[in-house]
Amino acid sequence: QKSAYRTLCGLMDSGEAKASLLFGVTGSGKTSVIIGAVNYALSQGKTAIVMLPEIGLTAQAIGIFVSYFGNKCALLHSMLSEGERIDAYRRISEGEATVVIGTRSAVFAPVKNLGLIVLDEEQESSYKSEKTPKFHARDIARFRCAYNKALLVLASATPSIDSYYKAKTGKY
């Protein structure tokens, strides 16, 4: 965990767009590493987006992240009411919420000074939207990180073949 954390911090410090695969079995401490990376991004004056594949996992994750980051967190997913969504977007755009937790639509959060995007369980097909407009959250995250010179972390116990290959060949 310490080695993974130091590596991610070093990638954030590079000042360049970077991507990394955080690969570890269930229970290996990936969430702790992610929390540490988010905390590091915040300590550098940056913001973070942490994406989860489904709403069911969001409630558990928001509890973990709120326990660490308090009201710096904003939740974005499709089950929010219009008022809740407007409030979350307002808090994000005004800089009150610097950690966004959500499903694939969270990739569009209007954060300022983006430092980190994490796709937890990156291999999940739910990151791909089949509705118009069609998009894959991983591709949007990759673009946003490149544009903002931020770090993209793809986390999984069972990574996609594409991500695993890119990690093995040094692209990630």
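Predicted model, so just to flag it, every value in this text is computed and none were measured.

Novice: How should the overall build of the protein chain be read in this particular structure?
Specialist: Assigned secondary structure in the protein chain consists of 6 helices and 8 strands. Ordering the α and β elements of the protein chain from the N terminus gives α-β-α-β-α-β-α-β-β-β-β-α-β-α. Relative to the compact-globule value of 16 Å for 172 residues, the protein chain shows a C-alpha radius of gyration of 15 Å, a close match. C-alpha atoms of the protein chain, sized along the principal axes, occupy 45 × 35 × 30 Å. By the burial criterion, 47% of the 172 residues in the protein chain qualify as buried. Pairs at least 24 residues apart make up 74% of the contacts formed inside the protein chain by residues separated by at least 6 positions. Summed over all atoms, the accessible surface of the protein chain reaches about 8800 Å², with 54% contributed by carbon and sulfur. For the protein chain, the distance from the average site of its 21 positive side-chain charges to the average site of its 15 negative ones is 6 Å.

Novice: What am I meant to see in the pattern of salt bridges here?
Specialist: Pairs may arise between side chains of opposite charge once their charged atoms sit close together. Counted under the stated rule, the structure contains 8 salt bridges. Note that Asp 87 is salt-bridged to Arg 90, the shortest N-O span being 3.0 Å. With Asp 87 and Arg 90 both in helix H4 (residues 82-93) and 3 residues apart, the pair spans about one turn of that helix. Judged by its relative accessible area of 35%, Asp 87 is partly exposed. Overall, Arg 90 belongs to the partly exposed group, its relative accessible area being 32%. For Glu 96, the salt bridge goes to Arg 91, with nearest N and O atoms at 3.9 Å. Among the charged side chains, a salt-bridge network with shared partners connects Asp 87, Arg 90, Arg 91, Glu 94 and Glu 96.

Novice: Would you explain the packing of aromatic side chains in this entry?
Specialist: When we look at a pair of aromatic rings, we describe it by the centre distance and by the angle of the planes. Scanning the model with the defined rule gives 5 aromatic pairs in all. Judged by centre distance (5.8 Å) and plane angle (85 degrees), the rings of Phe 23 and Tyr 164 are edge-to-face. Remark: Tyr 164 occurs in helix H6 (residues 161-168) and Phe 23 occurs in strand S1 (residues 18-23); sequence separation between them is 141 residues. A relative accessible area of 35% means that Tyr 164 is categorised as partly exposed. Here the aromatic rings of Phe 143 and Tyr 147 are separated by 6.2 Å at their centres, their planes lie at 20 degrees, and the arrangement is stacked. Taken together, the residues span about one helical turn, with Phe 143 and Tyr 147 both in helix H5 (residues 137-148) at a distance of 4 residues. When sorted by exposure, Phe 143 lands in the same class as Tyr 147, which is exposed.

Novice: Got a minute to help me understand the side chain of Asp 120 in this structure?
Specialist: Looking at the secondary structure, you find Asp 120 in strand S5 (residues 114-120). Buried within the structure, Asp 120 lacks any salt-bridge partner; its nearest side chain of opposite charge belongs to Lys 30, at an N-O separation of 6.1 Å. If we ignore the near neighbours within four places in the chain, the residues touching Asp 120 are Ile 34, Met 51, Leu 52, Pro 53, Tyr 127 and Ala 155.

Each value, and the rule that gives it
- Residues numbered from 1 in each chain as written.
- Predicted model: local features only at pLDDT ≥ 70, side-chain atom pairs only at ≥ 80, totals over all residues.
- Heavy atoms only, no water.
- Helix = DSSP H or I, 4+ residues; strand = E, 2+ residues; numbered from the N terminus.
- Rg over C-alpha atoms; globule rule 2.2 N^0.38 Å.
- Buried < 20%, exposed > 50% of the residue type's maximum accessible area, 1.4 Å probe, protein only.
- Contact = heavy atoms within 4.5 Å.
- Areas by Shrake-Rupley, 256 points an atom, 1.4 Å probe, with all protein chains shown as cover.
- Lys, Arg positive; Asp, Glu negative; His and termini not counted.
- Charge placed at Lys NZ, Arg CZ, Asp CG, Glu CD.
- Salt bridge = Lys/Arg side-chain N within 4 Å of Asp/Glu carboxyl O.
- Phe/Tyr/Trp six-rings, centres within 6.5 Å; stacked < 30°, edge-to-face > 60°.

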